[in-house]
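Read off the chains here:
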Amino acid sequence: MKKLMVILALLLSFTFILSACGKDKEKAKEDQKRAVNTKDKGKKTADNQDLLKKIQDDGKITIGTEGTYPPFTFHDTNGNLTGFDVDLANEVAKRLGVKAEYKETQWDAMFAGLDANRFDMIANEVGIRPDRQKKYDFSDPYITSAGVLIVNTSNTKVKKFEDIKGLNAAQSLTSNYGDIAKKYGANLVGVEGFQQAVELLAQKRVDVTINDKLTYLDYKKQKPDAPIKVAATANDASSSGFMFRKNSDKLVDEVNKALKEIVDDGTYKKISEKWFGEDVLK
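All values derive from a computational prediction rather than experimental measurement. Sequence order as written defines residue numbering, which begins from 1 separately in each chain. Restriction of local features to residues with pLDDT of at least 70 applies here, the model being predicted, together with a cutoff of 80 or more for giving and counting side-chain atom pairs; totals for whole chains, interfaces and linings are based on all residues. Side-chain figures throughout are based on the complete set of non-hydrogen atoms in the structure, without hydrogens or water.

(A) Examining the nonpolar core more closely. Counting residues in hydrophobic clusters, the biggest one holds 60 residues, and the most contacted among them are Ile61, Phe84, Leu88, Ile143, Phe242 and Leu251. A contact between two residues is defined here by any heavy atoms of the two lying within 4.5 Å. Excluding residues within four positions of it along the chain, Leu88 makes contact with Tyr142, Phe242, Leu259, Ile262, Tyr268 and Ile271. Here the nonpolar core consists of buried residues drawn from Ala, Val, Leu, Ile, Met, Phe, Trp, Tyr and Cys, with membership extended through side-chain atoms lying within 4.5 Å. Residue exposure (1.4 Å probe, protein chains only): buried if accessible area is under 20% of the type maximum, exposed if over 50%, otherwise partly exposed. If you look at the next biggest cluster of nonpolar residues, it comprises 10 residues, including Trp107, Met110, Val126 and Tyr136.

Given below as structure tokens:
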């Protein structure tokens, strides 16, 4: 009997030791994983902080943009990339002492491109929103505009945002305006940009689109006979800025300094009047 008790005690002790070892190994793995994550996070932060130096050493800043969103970023009749955002980004790059190099991509892939280090910043009328500020850094706002509800000229039923519930809205799926359309109960029809949205609207293949007022005004200036009209204007204006990966503080600071200089010396007003006929900062 005593031998049996001794054996049982030994077995219990052995089981306890194995359990303790297992927990120690699990804790070690968790600590190692935490250390790796902390190291990766620290490396990413360091890389982003060194981004300004890398840009200056390379002599260029890589900028993500759509190239299909007039008058902000689009191609002129000669095929050259141009627009308000492009002119402003070019001026910023010049004051940083580097060349602006653009990489064009669809809106819905643009943020992923920034995450993957394809760009150093985005210049594409990106609205400054709290949810985006949690993940990305922004420059100071460089433009303010309101959203408008656009319909076909033959549409007499839609007069306010509440009227679009259950209707088809042509929207970039991850844009501010797509979120507004969704909030009012519209069915989203995904498009690559404003041009495609208004084409579908003119053809009556969708019911509405919510988009930027300045973009609409520019489009109507270029195509006054286009069968579209504004049914309603949003009360809240939104501000846009250049967007960067998180922890790009040094680069953001330099871009903000450049933007302030551009505003103070009147260059901003010239660029703004070129595209909109007025100062759109305020």
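(B) Looking closely at the pattern of salt bridges. What makes a salt bridge here is a side-chain nitrogen of Lys or Arg within 4 Å of a carboxyl oxygen of Asp or Glu, nothing more. For the structure on display, the rule yields 15 salt bridges. Taking the shortest distance from any N to any O, the salt bridge between Lys54 and Asp58 comes out at 2.9 Å. A residue pair is termed a helical-turn pair when its members lie 3 or 4 positions apart in one helix, as Lys54 and Asp58 do in helix α2 (residues 51-58) at four residues. For Glu91, the salt bridge goes to Arg95, with nearest N and O atoms at 3.0 Å. In this pair, Glu91 and Arg95 both sit in helix α3 (residues 84-96), four residues apart, roughly one turn of the helix. The structure contains a network of salt bridges with shared partners spanning Glu91, Lys94, Arg95, Glu261 and Asp265. The numbering of helices and of strands both runs from the N terminus, where a helix is a DSSP run of H or I of at least 4 residues and a strand a run of E of at least 2.

(C) Inspection of the packing of α2 against helix α9 (residues 249-264) at higher detail. Fitting a line to C-alpha atoms yields each axis, with helices limited to the stretch in contact; the angle taken between N-to-C directions then spans 0 to 180 degrees. The contact between α2 and α9 brings their axes to 7 Å, and the two run at 65°. Contact residues: Leu51, Leu52 and Ile55 in α2; Lys250, Leu251 and Glu254 in α9. Among the residues making up the contact of α2 with α9, the classes are represented as four nonpolar, no polar and two charged. When residue character is reported, Ala, Val, Leu, Ile, Met, Phe, Trp, Tyr, Cys and Pro are called nonpolar, Asp, Glu, Lys and Arg charged, and the others, Gly included, polar.

(D) Spatial organisation of the environment of Ile63. If you trace the backbone, Ile63 turns up in strand β1 (residues 60-65). With 180 residues separating them along the chain, Ile63 and Met243 place their C-alpha atoms 9.8 Å apart. Residues within four places of Ile63 in sequence aside, it is in contact with Ala89, Ala100, Glu101, Tyr102, Lys103, Phe119, Met121, Ile122 and Ala123.

(E) Structural detail: helix α10 (residues 267-276). Burial in α10 covers these residues: Thr267, Tyr268, Ile271, Ser272, Trp275 and Phe276. For α10, the angular spread of buried residues about the axis comes to 135°, placing them on one side. Across from the buried face of α10, at angles greater than 90 degrees, the exposed residues are Lys270 and Lys274. As used here, the arc belongs to the directions running from the helix axis to the C-beta atoms.

(F) Up close: the confidence of the model for the protein chain. Each residue gets a pLDDT score, which is the predictor's confidence in that residue and runs from 0 to 100. With 82% of its residues at a pLDDT of at least 70, the protein chain reaches an overall mean of 86. Throughout residues 31-42 the model reports pLDDT below 50, and contacts reaching past four residues in sequence, or to other chains, amount to zero contacts.

(G) A look at the side chain of Asn124. Topologically, Asn124 is positioned in strand β5 (residues 121-127). Accessibility expressed as a relative area gives 0% for Asn124, which makes it buried. For the purposes of these results, a polar contact is taken to be a pair of N or O atoms within 3.5 Å, where, inside protein, one atom must be able to donate a hydrogen and its partner to accept one; residues adjacent in sequence count only when each atom of the pair is a side-chain atom. A polar contact is formed between the side chain of Asn124 and the side chain of Thr65, at a distance of 3.1 Å. Beyond its immediate sequence surroundings of up to four residues, Asn124 is in contact with Thr65, Glu66, Gly67, Tyr69, Thr73, Asp85, Trp107, Met110 and Tyr142.

(H) Focus on the pairing of strand β7 (residues 143-152). The element β7 is largely enclosed, with a buried count of nine among its 10 residues. Pairing between strands requires that DSSP locate at least two bridges from one strand to the other. Note: β7 against strand β11 (residues 228-245), nine bridges, orientation antiparallel. What sits directly across from Val148, in β11, is Thr233. Examined bridge by bridge, β7 and strand β10 (residues 208-212) share five bridges and lie antiparallel to one another. The partner of Val151 across the bridge, within β10, is Val208.

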